[in-house]
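# Understanding the architecture of this molecule
Residue-level listing of the chains:
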Amino acid sequence: MRQRTEKCVVTFRTTAGAMAMEAACKAGGLPGRLIPVPRSVTAGCGLCWAGPPDSREALEELVIKKHLDVDGIYAIIL
Amino acid sequence: MIYLDNAATTRTKPPAVSRAVLEALSSYGNCGRGGHEGALSAARTIYETREKIAALLGCPRVDHVCFTQNSTQALNIAVSGLLGPGDHVISTDLEHNSVLRPLYRLREAGAAVDFVPADRQGRLDYGGFEALLRPETKAVVCTHASNLTGDTVDIDWVGRFAREHGLLFILDASQTAGVLPIDMAATGVSVVCFTGHKSLMGPQGTGGLCLREGLEIRPFAVGGTGVRSYLETQPAEYPTRLEAGTLNGHGLAGLNAALDFLNETGVDAIHAREDALARRFYGAVRDLPGVTVYGDFSAPVRAPIVTLNIGNFDSAEVSDELAERFDIATRPGAHCAPRLHRALGTEDQGAVRFSWSYFNTEAETDQAAEAVRILAREAEEA
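Each value, and the rule that gives it
- Residues numbered from 1 in each chain as written.
- Chains lettered and ligands numbered in written order.
- Predicted model: local features only at pLDDT ≥ 70, side-chain atom pairs only at ≥ 80, totals over all residues.
- Heavy atoms only, no water.
- Helix = DSSP H or I, 4+ residues; strand = E, 2+ residues; numbered from the N terminus.
- Buried < 20%, exposed > 50% of the residue type's maximum accessible area, 1.4 Å probe, protein only.
- Contact = heavy atoms within 4.5 Å.
- Areas by Shrake-Rupley, 256 points an atom, 1.4 Å probe, with all protein chains shown as cover.
- Lys, Arg positive; Asp, Glu negative; His and termini not counted.
- Charge placed at Lys NZ, Arg CZ, Asp CG, Glu CD.
- Rg over C-alpha atoms; globule rule 2.2 N^0.38 Å.
- Domains from an automatic or database assignment.
- Buried area = accessible area lost by both parts, 1.4 Å probe.
- Salt bridge = Lys/Arg side-chain N within 4 Å of Asp/Glu carboxyl O.
- Pairing = 2+ DSSP bridges.
- Polar contact = N/O pair within 3.5 Å; in protein donor to acceptor, adjacent residues only side chain to side chain.
- Phe/Tyr/Trp six-rings, centres within 6.5 Å; stacked < 30°, edge-to-face > 60°.
- Lys NZ or Arg CZ within 6 Å of the ring centre and 35° of its normal.

Before going further, it helps to examine the overall build of chain B. Regarding its fold elements, chain B presents twelve helices and twelve strands. The buried share of chain B, reckoned over its 382 residues, is 58%. Taking as baseline every contact in chain B between residues at least 6 positions apart, the subset at least 24 positions apart corresponds to 69%. Just so you have it, chain B exposes about 14900 Å², and 50% of that area is on carbon and sulfur atoms. Of the charged side chains in chain B, 34 are positive and 48 negative, and the gap between their average positions amounts to 3 Å.

In this section: the overall build of chain A. A tally of helices and strands in chain A yields two helices and four strands. Its helices and strands in sequence order give chain A the pattern β-α-β-β-α-β, from N to C terminus. Taken over the C-alpha trace, chain A has a radius of gyration of 12 Å; the compact-globule value for 78 residues is 12 Å, and the two agree within 12%. Taken over the C-alpha atoms alone, chain A extends approximately 35 × 25 × 15 Å along its principal axes. The buried share of chain A, reckoned over its 78 residues, is 42%. Of all intrachain contacts in chain A linking residues separated by at least 6 positions in sequence, the fraction that spans at least 24 positions is 68%. Charge centroids of chain A, computed over 10 positive and 8 negative side chains, lie 8 Å from each other.

Further remarks concern the domain arrangement of chain B. All names here are of chain B. The domain architecture assigned to chain B consists of domain 1 (2-10 + 267-381) and domain 2 (15-265). Between domain 1 and domain 2, the C-alpha centre-to-centre distance is 27 Å. Taken together, the contacts link 34 residues of domain 1 with 37 residues of domain 2. The largest share of the area that domain 1 buries against domain 2 comes from Val-267, Arg-339 and Leu-340, three residues that together contribute 23% of it.

With 20 residues of chain B at the contact, the number on the chain A side is 13 residues. Buried surface at the junction of chain B and chain A, both sides included, amounts to about 1500 Å², of which 48% is carbon and sulfur. Joining chain B to chain A, the criterion identifies six salt bridges. Close ionic contact of Arg4(A) with Glu317(B) constitutes a salt bridge, the shortest N to O distance being 2.7 Å.

With that out of the way, let us pick up the pairing of strand S10 (residues 305-310) of chain B. Residue and element names in this part refer to chain B. The element S10 is extensively covered by neighbouring structure, given that six of its six residues are classed as buried. Residues Ile-305, Thr-307 and Asn-309 line one face of S10 and the alternating positions Val-306, Leu-308 and Ile-310 line the opposite face, and both faces are buried. Sheet topology note: the S10/strand S12 (residues 352-355) ladder contains four bridges and is antiparallel. The residue bridging Val-306 from the neighbouring strand is Phe-354, located in S12.

If you trace the backbone, Thr143(B) turns up in strand S5 (residues 137-143). A polar contact is formed between the side chain of Thr143(B) and the backbone oxygen of Ala145(B), at a distance of 2.9 Å.

Our next topic: the environment of Arg19(B). Residues and elements named next belong to chain B. Looking at where Arg-19 falls in the secondary structure, it is placed in helix H1 (residues 15-25). For Arg-19, a relative accessible area of 55% translates into the label exposed. When the C-alpha positions of Arg-19 and Leu-94 are compared, they lie 37 Å apart, and in sequence the two are 75 residues distant.

Residues and elements named next belong to chain B. A complete count under the given rule lists twelve aromatic pairs over all chains for this structure. A centroid spacing of 5.8 Å and a plane angle of 70° characterise the contact between Phe-261 and Tyr-358, whose relative ring orientation is edge-to-face. Remark: Tyr-358 occurs in the loop between S12 and helix H12 (362-381) and Phe-261 occurs in helix H8 (residues 249-265); sequence separation between them is 97 residues. Given the relative accessible area of 17%, Phe-261 is considered buried. Residues Phe-281 and Trp-356 carry aromatic rings whose centres are separated by 5.2 Å and whose planes lie at 55° to one another, so their mutual orientation is tilted. With Phe-281 in helix H9 (residues 267-285) and Trp-356 in the loop between S12 and H12, this pair connects stretches of sequence that are 75 residues apart. For the pair formed by Phe-281 and Trp-356, the shared burial category is buried. For Arg-302, the ring lying beneath its charged end belongs to Phe-297, and the centroid distance is 3.7 Å.

As structure tokens, this is what we get:
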């Protein structure tokens, strides 16, 4: 299993929300990718955005600027 | 990519499917709306598709095959249209949310719902059906195969049980239509709900329900039908009764082509191949240290699904590793089957599901097993 590192994880209430985040991050040049939601955030299913730990501020700004529908933002070792 | 998420949707379709959709997109009018060649072409293909579905699933009448977008919509139509306040329904712990949520909503409306429990291995005790029976029991609603473990429900047994007690039997065939034989008339099924994009190998946005004769289903949606325009209510005749609005003619053209492939290849041959691949994988991973496989592989008939966990690792992490390092597509987490996850004890960890189609190969299966072996070894060393 790969080396775990800290990530900034953004969760969503809908798959549409995850897609909007990916599109906004791509357009804004923010690094990261969509991954299955880890159980340390929530048991269940779905997608979350995982970016580098120092991207939190930029992600929060993007969420506000683009009115993105997010559920939460977490710092997690993945 | 090695695609082993066919229980979610089959990715590789018979080549004729995409050709049929493309042809339909460039030539079809709207089925039942006008008498021109475009409208008639769509109507003919949709009728052909009904004929093939009726033959495949043992539906007694072609006009009792009603098309929907998917199984979920079909199950909602069946549950909300046949059951109501005061009714009692028996279901099982194996169900997908496409069954559970309509039943929970029905319960909120005043019905009673009980579930035959699954044990720690996900097996049903059929004595549970009898034990849950009440004077006001009206229906059994259950899956043909768990989307989580691939374990099947003995629908011949359930059909007999339903007949003996005068119950409706609504069957969720999402994981089995096209891969396991279903004869609703012989089995005593009242309604079979199916989706087109899984083991039927057709496009997404296709599905439906097959009805036995004599059922009075309240329509879920009412609207345009192309017939009896001055009637203020939905026409009572099937399939129009349950098909308000334009059908997905383009998608159904693809499903029609997929059914030709199924008929030419044979459901038994398709199941034999998929089952062999799944059991090959199971044989390679079942004894790996740290690997837990869920479901009953002693059963002779299964859907082509193998679901596992590695140690206590998050199933989301394992699935992501499979995708990123090995280019293998699986599904992690909960699988819209909350009751069965609780029974298996995987509510927190979820589980990684591998699922096969006719177009997967032995080589792909062996590569997937090798990837699990590598991850299990690394997990042991971690």
